[in-house]
Amino acid sequence: PQITFFANPYAIAQKIISRSSSSFFIQPIVEELGIEKIRGVGGSVFRGGDIVEGIIHLHVVIDPPRDGFFGVVRPESVEPTPPEWVPADTTSYLTANWDIATAAENLAKIVNRFAGEGSFERFTEDRIQARLDVSLKDDLLANLTGRYVGVRRYQEPAAWNAIARMDALQVRDVKKAREMLDKIRQKLPASDMRPETIGDIQVYFAKPGRELPDTMRQVERSVMLLDDYLVLSDSREVVEQAIRTRSGSQPRLIDDTDFALMLSELGAKLAGEQPFFLSFNRDADSYRVLYDLAASPTLAGAFDRRGANSPVAQKFSELLQRQNLPKFEQLRKYFNVSGSFAYNEADGLHFGTMTLRPLE
């Protein structure tokens with residue numbers, strides 16, 4: 001089964017704007033941003049295959065030159081291989097590459113065009129400089145290669161926010177990045193940036209936030225330099241695991257067979273194109289969060305306590321307590337992995353997602 005589709009979003013937007021009483025105000029803004037450069041959005045959806053269960057392709061046709069709003073769209077080819085510190089049991093991994101300096105420059109032009117000359121600098125550069133004694137443009141943006149790495153990992157026990165995260169930006173000059181962190185640390189209260197050495201890495205932990213309910217994971221925010229990446233995280237556990245993985249004491253995603261298979265299949269769909277975005281997902285973990293919550297006595301107890309004032313919560317509590325759910329490992333075989341990619345072309349941007357068929 002296959003679906004092929006096409007839409008002209010600018011034509012649709014024009015029809016909506018023309019019927020609006022504010023069209024005289026909105027239309028000039030749309031034209032100034034260059035939204036009419038979007039000539040069309042088309043794609044296809046396909047299901048069925050021996051290895052691949054489903055594929056979605058989406059292509060956005062953009063007229064050159066890419067100025068106005070599209071001056072911010074500055075993708076560059078990215079190395080899909082994960083850094084050595086990305087753990088093998090990662091729930092999801094994604095990487096992308098962007099010409100950040102040019103994108104920021106063009107974004108400033110747009111903001112200043114509508115909010116007044118110098119507005120972008122007042123909202124960003126000036127405030128950060130005054131607060132942290134750091135230049136957003138010179139100390140941070142100029143030192144970034146443009147590569148971003150995002151890691152998400154399911155962290156037990158079950159909670160609404162059980163997916164912990166790490167967000168990493170690759171830097172050109174590690175020494176300069178370290179000096180920037182030292183500047184920030186000197187400007188902030190000691191409790192907001194508490195240093196701690198884990199392995200051979202200096203990690204700065206933020207002051208703990210307010211105590212959260214039992215159904216929520218307690219967030220532990222931190223920042224560190226991990227090799228040539230400036231890494232922000234909301235979990236001590238995921239930070240410690242990344243550092244152990246970097247040392248070789250835990251399996252790495254780069255050596256994982258599921259990741260290798262997905263990368264091979266995505267490579268075939270890229271057909272020689274260089275991606276600026278690539279992601280890998282363990283689909284089972286996305287469902288496991290909700291499944292473990294449903295089987296959690298903590299969640300059932302929370303609904304039970306609220307049931308005194310809410311009939312709906314009481315019904316949920318009774319439903320959860322009646323269920324006798326099997327272990328999630330019995331269901332894991334029905335899931336596999338998925339991935340997505342994007343690449344840049346002269347006439348626009350191409351996106352794709354793919355899900356592999358379960359092995360059993």
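Up top you'll find the structure we're talking about.
Residues numbered from 1 in each chain as written. Predicted model: local features only at pLDDT ≥ 70, side-chain atom pairs only at ≥ 80, totals over all residues. Heavy atoms only, no water.

Undergrad: Would you take a moment to explain the overall build of the chain for this structure?
TA: Within the chain one finds 12 helices and 13 strands. Looking at the chain as a whole, 42% of its 360 residues qualify as buried. Residue pairs in contact within the chain that sit at least 24 positions apart in sequence constitute 67% of those at least 6 positions apart. Working note: accessible area of the chain is about 19700 Å², and carbon and sulfur atoms make up 55% of it. If the 44 positive side-chain charges of the chain are averaged to one point and the 50 negative ones to another, these points end up 4 Å apart. (Helix = DSSP H or I, 4+ residues; strand = E, 2+ residues; numbered from the N terminus. Buried < 20%, exposed > 50% of the residue type's maximum accessible area, 1.4 Å probe, protein only. Contact = heavy atoms within 4.5 Å. Areas by Shrake-Rupley, 256 points an atom, 1.4 Å probe, with all protein chains shown as cover. Lys, Arg positive; Asp, Glu negative; His and termini not counted. Charge placed at Lys NZ, Arg CZ, Asp CG, Glu CD.)

Undergrad: In this structure, what is going on with the nonpolar core? I would like to understand it.
TA: Most often, soluble globular proteins have nonpolar side chains that are buried together. In this structure, Trp85, Met166, Val203, Met224, Leu226 and Ile243 are the most contacted members of the largest nonpolar core, which totals 34 residues. Counting residues in hydrophobic clusters, the runner-up holds 17 residues, among them Leu144, Leu188, Tyr204 and Leu225. (Core = buried A, V, L, I, M, F, W, Y, C linked by side-chain atoms within 4.5 Å.)

Undergrad: Please explain the layout of surface pockets as it appears in this structure.
TA: One water molecule sets the probe size; rolling that probe over the atoms shows where empty space is left. Looking at the largest pocket, its volume works out to about 460 Å³. What lines the largest pocket is a set of 23 residues, and nearest its centre among them are Leu181, Ile184, Ser222, Val223 and Leu232. Every element with two or more residues in the lining of the largest pocket is listed here: helix H5 (125-132), helix H6 (136-140), strand S6 (163-171), helix H7 (174-187), strand S8 (201-205), strand S9 (222-226) and strand S10 (229-233). Split by residue class, the lining of the largest pocket holds 17 nonpolar, two polar and four charged. (1 Å grid on protein atoms, 1.4 Å probe; cavity = no way out; pocket = protein on both sides within 12 Å on 5 of 7 lines; lining within 4 Å. Points joined across faces, edges and corners; volume = space filled by probe spheres on them. Nonpolar A, V, L, I, M, F, W, Y, C, P; charged D, E, K, R; others polar.)

Undergrad: How should I be thinking about unusual backbone geometry in this particular structure?
TA: Generally, phi is negative for residues other than glycine and the peptide bonds are trans, each holding for most cases. Of the consecutive residues proline 64 and proline 65, the connecting peptide bond is found in the cis state with omega at -5°. Residue glutamate 156 is joined to proline 157 through a cis peptide bond whose omega torsion reads 5°. If you trace the backbone, proline 157 turns up in the loop between strand S5 (144-154) and S6. A positive phi angle is found at aspartate 133, which is not glycine, with a value near 60°. Within the fold, aspartate 133 resides in the loop between H5 and H6. Positive phi, normally seen in glycine, also occurs at aspartate 227, with a value near 55°. Aspartate 227 gets classed as partly exposed once you look at its relative accessible area, which sits at 39%.

Undergrad: Looking at this model, I keep getting lost on the environment of asparagine 97. Mind explaining?
TA: Within the element layout of this structure, asparagine 97 appears in strand S4 (residues 92-97). Spatially, the C-alpha atoms of asparagine 97 and valine 149 are 9.0 Å apart, while their sequence positions differ by 52 residues. A distance of 2.9 Å separates a polar side-chain atom of asparagine 97 from the backbone oxygen of serine 77. (Polar contact = N/O pair within 3.5 Å; in protein donor to acceptor, adjacent residues only side chain to side chain.)

Undergrad: Would you mind going over the side chain of serine 340 with me for this structure?
TA: Tracing the backbone shows serine 340 in strand S12 (residues 337-345). Looking at serine 340, its side chain comes within polar contact range of the side chain of serine 279, at 2.4 Å.

Undergrad: Just checking my understanding: could you explain helix H9 (residues 257-270) for this structure?
TA: The periodicity of an α-helix, 3.6 residues per turn, causes residues three or four places apart in sequence to face the same way. With 14 residues, H9 extends 20 Å from end C-alpha to end C-alpha; this agrees with the ideal 20 Å at 1.5 Å per step. On its buried face, H9 is in contact with strand S3 (52-62), S4, strand S11 (275-282), S12 and strand S13 (348-356). One side-chain oxygen at the N-terminal end of H9 lies 3.1 Å from the backbone nitrogen of aspartate 258; it belongs to aspartate 256. Directly beyond the C-terminal end of H9, a positive phi value near 50° is found at alanine 271. (Expected span 1.5 Å × (residues − 1).)

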